[in-house]
Amino acid sequence: MAYKKEWFKDLPNAKEGRPLNGFGHLLPRKMGIRSLGTIWSSSLFPGRAPEGYELLLTYIGGARDRGIKDMSVEDIVKQVDEDNHKILLKEGAPEGTMLGCKVWQYAIPQYRKGHLDILADIEESEKDAPGFFMGGNYRTGVAFGDCVQYGINEAAKVAEFLKEGAEAGGVAVSMSASA
């Protein structure tokens, strides 16, 4: 959703011409707000919002809000706009401009009872299959930084495996890295 800069409340860390200065916010369910949180996209990535606007990427739904699956895109956008008004916008601010809406039936994995046992089984299976590497956010968390770090760590393990195979004469390897 895009909102004119002058529509925002006076928020902490705001600067002249930049009402949003930070990553975004999370919303605990006890606040009674349906949205889960919002990334302040235009604060993180200048130039993504139309001139004079701030761009927000809001997440809504989740495993504890199963009713969202029955909502139309129009109803979801209306709910997000209402929630953004409650949290970020001045009283009387007009509706925001919807620039896009993506609905995922299955988005963030839910770690349920028994998840750690599944991870232990995966680790054992990997030991039995040298060269087989499984990765994904189900192993380390859904936070973007955690996923990137996991990918970096796993890439190093794969590279070491391939290097050892090449040194033993069993694997042909060509690796390059760019900075």
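This text follows the structure it describes.
Residues numbered from 1 in each chain as written. Predicted model: local features only at pLDDT ≥ 70, side-chain atom pairs only at ≥ 80, totals over all residues. Heavy atoms only, no water.

A. Layout of the environment of Lys 90. Assignment of secondary structure puts Lys 90 in the loop between helix 2 (73–87) and helix 3 (115–127). Remark: the alpha-carbon pair of Lys 90 and Phe 8, spanning 82 residues in sequence, is separated by 5.5 Å. Other than its neighbours up to four places away in sequence, Lys 90 contacts Glu 6, Trp 7, Phe 8 and Lys 9. There is a polar contact of 3.1 Å between the side chain of Lys 90 and the backbone oxygen of Glu 6. (Helix = DSSP H or I, 4+ residues; strand = E, 2+ residues; numbered from the N terminus. Contact = heavy atoms within 4.5 Å. Polar contact = N/O pair within 3.5 Å; in protein donor to acceptor, adjacent residues only side chain to side chain.)

B. Fine view of a nonpolar patch on the surface. A contiguous nonpolar surface patch, about 290 Å² in accessible area, is contributed by Phe 23, Leu 44 and Phe 45. Tracing the sequence through the fold places Phe 45 in the loop between helix 1 (41–44) and strand 4 (53–55). (Patch = residues over 30% accessible without salt bridge, like charges linked within 9 Å, V, L, I, M, F, W, Y side chains within 5 Å. Areas by Shrake-Rupley, 256 points an atom, 1.4 Å probe, with all protein chains shown as cover. Salt bridge = Lys/Arg side-chain N within 4 Å of Asp/Glu carboxyl O.)

C. Examining the sheet that holds strand 5 (residues 57–60) more closely. Within the open sheet, the three strands sit side by side as 2-3-5. Their pairing is antiparallel. Across the chains shown, the open sheet's two edge strands, defined by having one partner strand only, are strand 2 (24–26) and strand 5. The sheet shows a mean angle of 20° between the axes of neighbouring strands, taken without regard to direction. As defined by bridge partners, strand 3 (residues 35–39) adjoins strand 5 across four bridges and the pair is classed as antiparallel. Bridge assignment links Ser 35 to a residue of strand 5, and that residue is Ile 60. The sheet strands contacting helix 2 are strand 2, strand 3 and strand 5, and the helix crosses strand 5 at an angle near 110°. (Pairing = 2+ DSSP bridges. Axes fitted to C-alpha atoms, helices over the stretch in contact; angles between N-to-C directions.)

D. Spotlight on the pattern of salt bridges. Summed over the entire model, instances satisfying the criterion amount to five salt bridges. For the salt bridge of Lys 69 with Asp 70, the shortest nitrogen-to-oxygen distance reads 3.3 Å. A single burial state applies to Lys 69 and to Asp 70, both of which are exposed. (Buried < 20%, exposed > 50% of the residue type's maximum accessible area, 1.4 Å probe, protein only.)

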